[in-house]
Amino acid sequence: MVPEVTGSSPVGRPIFHLWLERQVTAFWTEPDFDDHELVELVRHRESGLTAIFAVHSSHLGPGAGGTRFWHYPDPAMAMRDALRLSRGMSYKNAMAGLPMGGGKAVVLADAQRTKTPAMLAALGDAIEALGGRYVTAEDVGMTDADMVAIAERTSFVTGLPAKHAGAAGGDPGPFTARGVYLGIRAAVAHKFGRESMEGVHVAIQGTGSVGGGTARLLAADGAKLTLADIDRERADDLARELGGEVVPAEAIMDVECDVFSPNALGAILDDEGIARLAAPVVAGGANNQLALERHGPALAARGILYAPDYVINAGGIIAVTLEYLARQTGEHCGVEQVQAKLDEIPGRLSAIWKDAETTGRSPDQVADAMAQKLIGR
Ligand code: NAD
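Residues numbered from 1 in each chain as written. Predicted model: local features only at pLDDT ≥ 70, side-chain atom pairs only at ≥ 80, totals over all residues. Heavy atoms only, no water.

With that settled, consider the site of the ligand. The full set close to the ligand counts 21 residues, and T176, V210, D229, R234 and A264 are the nearest of them. T176 places a polar side-chain atom, nitrogen or oxygen, 2.7 Å from an oxygen atom of the ligand. Protein burial of the ligand: of its 820 Å² of free accessible surface, 77% is covered by the chains. Contributing elements (two or more residues each) for the shell around the ligand: α5 (173-192) and α6 (209-220). (Near = heavy atom within 4 Å. Polar contact = N/O pair within 3.5 Å; in protein donor to acceptor, adjacent residues only side chain to side chain. Areas by Shrake-Rupley, 256 points an atom, 1.4 Å probe, with all protein chains shown as cover. Helix = DSSP H or I, 4+ residues; strand = E, 2+ residues; numbered from the N terminus.)

Here's what the structure looks like:
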C-alpha cells in the first residue's frame, strides 16, 4: 500500500509533490503494477506540467497509447490509471494485430484542467526524451489540435489531422465507433443468429464521439435505439436526429433490450450493474468496463454475451497506428486501409466467443490469455 503523508513537508515543498514522489518511488508495490518496463514521472516547473509515462510492454513494438489529460483529486489515482491503461494498451494493440506495445501518458491537470502551449511543449519534449519508447495520441482531454502542438517537439506522436481527403488521420473517435458497430453486429449474429440489425434494440450509454457515431451507424441499419447521457441535451439532439427514445442516465442499464452498449465510463460492470442488466449482450466502446476480474465470469454466469472492451474498441488505435507507421515510411495510408483492418474486429470477437464456449472460460478470460501469449507473458 502507498504510504500516506500527513503533516507538512520538512523542506517546505507543497505536500502534494512530496506525496506524489513517494507514490512514484513505490509504484512497483501498486496492485496494478504488472512488471511494467518503464514508469517515469516528469515535472516541469516552468510550465507546471506533471505527467506520468508508463510503458507496460514493448514486446511487439514501441509503447503506444494516448495521453490522458485529467484532474485527479488523489495522485495515486493518476498512477493507477497510468499502470492500468498502459497494460490495457499492450493487450489492445496485440489483439488488434498491430506492431506496437502498450503505453500511456497521464497528465495531472489542475481542477480547472488548465492546458497551456508551454505544457504541451514540455510534454512533447518529455516524449522526445523517451527516444521512441513511447508514442502518443489523443485520449480523454486531448484533441487533434493538441497533437499538432506536441508534433512541434517530437515525431513520436500520431492522431494528427489528415493531410487530404481520404487519407488516414485525425480524431480516432469515428474509427472506434465503426469498430464498435461492427462488433455489435457480430454479437447479434452470434447470440441471436441474426444477420440484420433491423428492429434490434440497442441501449446506448454515452452519446459522445464513440456512442454517437455507433448510434448513427446502427440507425442507418434500422436498429431501434434507446439513448442516455448525463448531458441530456446531447442525447435529446441525437434522438431528434436518428429517432429513438431517451432515458435518464441512471436508468439506461435497466432498459430491456437486445444489446447494452456502454460508451461512457469504465467500471460500470460491477455487482450492482450486472444484476440490473436486462440485455443478453454487452458490447460497447468504453475502456475498462469490468470493475473487477471476477465480473467477466459473473456476466457469463448470467448468460450475457460480453464483447471484451479492448477488442471491440480498437478502431481508434488501429487508425492512429496505421497513420503513424505510414508517416514513418513515407507511404500513403488511406481510410480504406484502416477500414480493412477494422473489418477484422468481428472475426476476432467470434473466435473469442467460440473459444469461450468450448473451454468454459468467459470471453474476457479468453481474450486476456490470447493477449498475454501475444506479448510473451
Ligand atoms: P466523449 O467525451 O466524446 O463522450 C462520452 C459521453 O459520455 C459524453 O457525452 C458524456 O456526457 C457521457 N457520459 C459521461 N458519464 C456518463 C454517464 N454516467 N452516463 C451516461 N453518459 C455519460 O468520449 P468518447 O471519445 O466517446 O469515449 C467514450 C468511451 O470510449 C470512453 O470510455 C473512452 O475511454 C472510450 N474509448 C474512446 C476511444 C476514442 O477513439 N474516442 C477509443 C477507445 C475507447
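All told, the structure shown has one cavity of 30 Å³ or more when counted by the stated rule. Put simply, the largest cavity is a space of about 40 Å³. Lining the largest cavity are A64, G65, M100, V135, T136, A137, T158, I317, V320, T321 and Y324. (1 Å grid on protein atoms, 1.4 Å probe; cavity = no way out; pocket = protein on both sides within 12 Å on 5 of 7 lines; lining within 4 Å. Points joined across faces, edges and corners; volume = space filled by probe spheres on them.)

In this section: the packing of α5 against α6. Axis separation between α5 and α6 bottoms out at 8 Å; the angle between their running directions is 50°. Taken together, the axes of α5 and α6 are oblique relative to one another. The crossing of α5 and α6 is right-handed. Note on element contacts: α6 touches α5 through S209, V210, G213, T214, L217 and L218, opposite G173, P174, T176, A177, R178, V180, Y181 and I184. Classifying every residue of the contact of α5 with α6 by side-chain character gives eight nonpolar, five polar and one charged. (Axes fitted to C-alpha atoms, helices over the stretch in contact; angles between N-to-C directions. Parallel < 35°, antiparallel > 145°, perpendicular 65-115°, else oblique. Left-handed = near helix turned anticlockwise from the far one by under 90°. Contact = heavy atoms within 4.5 Å. Nonpolar A, V, L, I, M, F, W, Y, C, P; charged D, E, K, R; others polar.)

All right, on to the domain arrangement of the protein chain then. For the protein chain, the assigned domains are domain 1 (4-88 + 102-151) and domain 2 (173-312 + 346-374). Computed over C-alpha atoms only, the centres of domain 1 and domain 2 are separated by 29 Å. Between domain 1 and domain 2, the contact holds six residues from the first and five residues from the second. Carbon and sulfur atoms supply 38% of the area that domain 1 and domain 2 bury against each other, a total of about 370 Å² over both sides. At the surface where domain 1 touches domain 2, the tally comes to zero salt bridges. Where domain 1 packs against domain 2, one counts zero residue pairs in polar contact (both at pLDDT 80 or more). Counting residues per element, the side of domain 1 that touches domain 2 draws most heavily on helix α2 (residues 75-95), which supplies three residues. (Domains from an automatic or database assignment. Buried area = accessible area lost by both parts, 1.4 Å probe. Salt bridge = Lys/Arg side-chain N within 4 Å of Asp/Glu carboxyl O.)

On to the pattern of salt bridges. Enumeration over the complete set of coordinates arrives at 19 salt bridges. When the shortest N-O distance is used, the salt bridge between R240 and D237 registers 2.5 Å. Separated by three residues within a single helix, R240 and D237 lie in helix α7 (residues 232-242), roughly one turn from each other. Judged by its relative accessible area of 63%, R240 is exposed. You can call D237 partly exposed: its relative accessible area is 40%. (Buried < 20%, exposed > 50% of the residue type's maximum accessible area, 1.4 Å probe, protein only.)

Note: strand β4 (residues 67-70) against strand β5 (residues 101-108), four bridges, orientation parallel. The residue bridging F69 from the neighbouring strand is V107, located in β5. Remark: the β4/α2/β5 crossover connection has right-handed handedness. (Pairing = 2+ DSSP bridges. Right-handed = clockwise from strand over helix to strand, strands pointing away.)

Here we take up the layout of surface pockets. Roughly 730 Å³ of volume is contained in the second largest pocket. Surrounding the second largest pocket, 27 residues form its lining, R84, R87, Y91, E293 and D368 being those nearest its centre. For the lining of the second largest pocket, the residue count by class is eleven nonpolar, six polar and ten charged. For the lining of the second largest pocket, the domains that each give at least three residues are domain 1 (4-88 + 102-151) and domain 2 (173-312 + 346-374).

Moving on, we come to helix α4 (residues 144-151). Given 3.6 residues per turn, any residue in an α-helix points the same way as the ones three and four places further on. Of the positions making up α4, those classed as buried are D146, M147 and I150. Along the axis of α4, the buried residues cluster in a sector spanning 100°; they form a single face. Close packing links the buried residues of α4 with α3 (117-129). For α4, the N-terminal cap is T143; the gap from its side-chain oxygen to the backbone nitrogen of A145 is 3.3 Å. (Arc of directions from axis to C-beta.)

Here we take up the sheet that holds strand β12 (residues 305-306). Strand pairing in a sheet takes place through backbone hydrogen bonds and is either antiparallel or parallel in direction. Across the sheet, six strands lie side by side as β9-β8-β7-β10-β11-β12; this open sheet has parallel pairing. Two strands close off the open sheet at either side, each with one partner strand: β9 (245-246) and β12. Bridging between strand β10 (residues 259-262) and strand β11 (residues 281-282) involves two bridges; their strand directions are parallel. Bridge pairing in β11 links F260 to V282.

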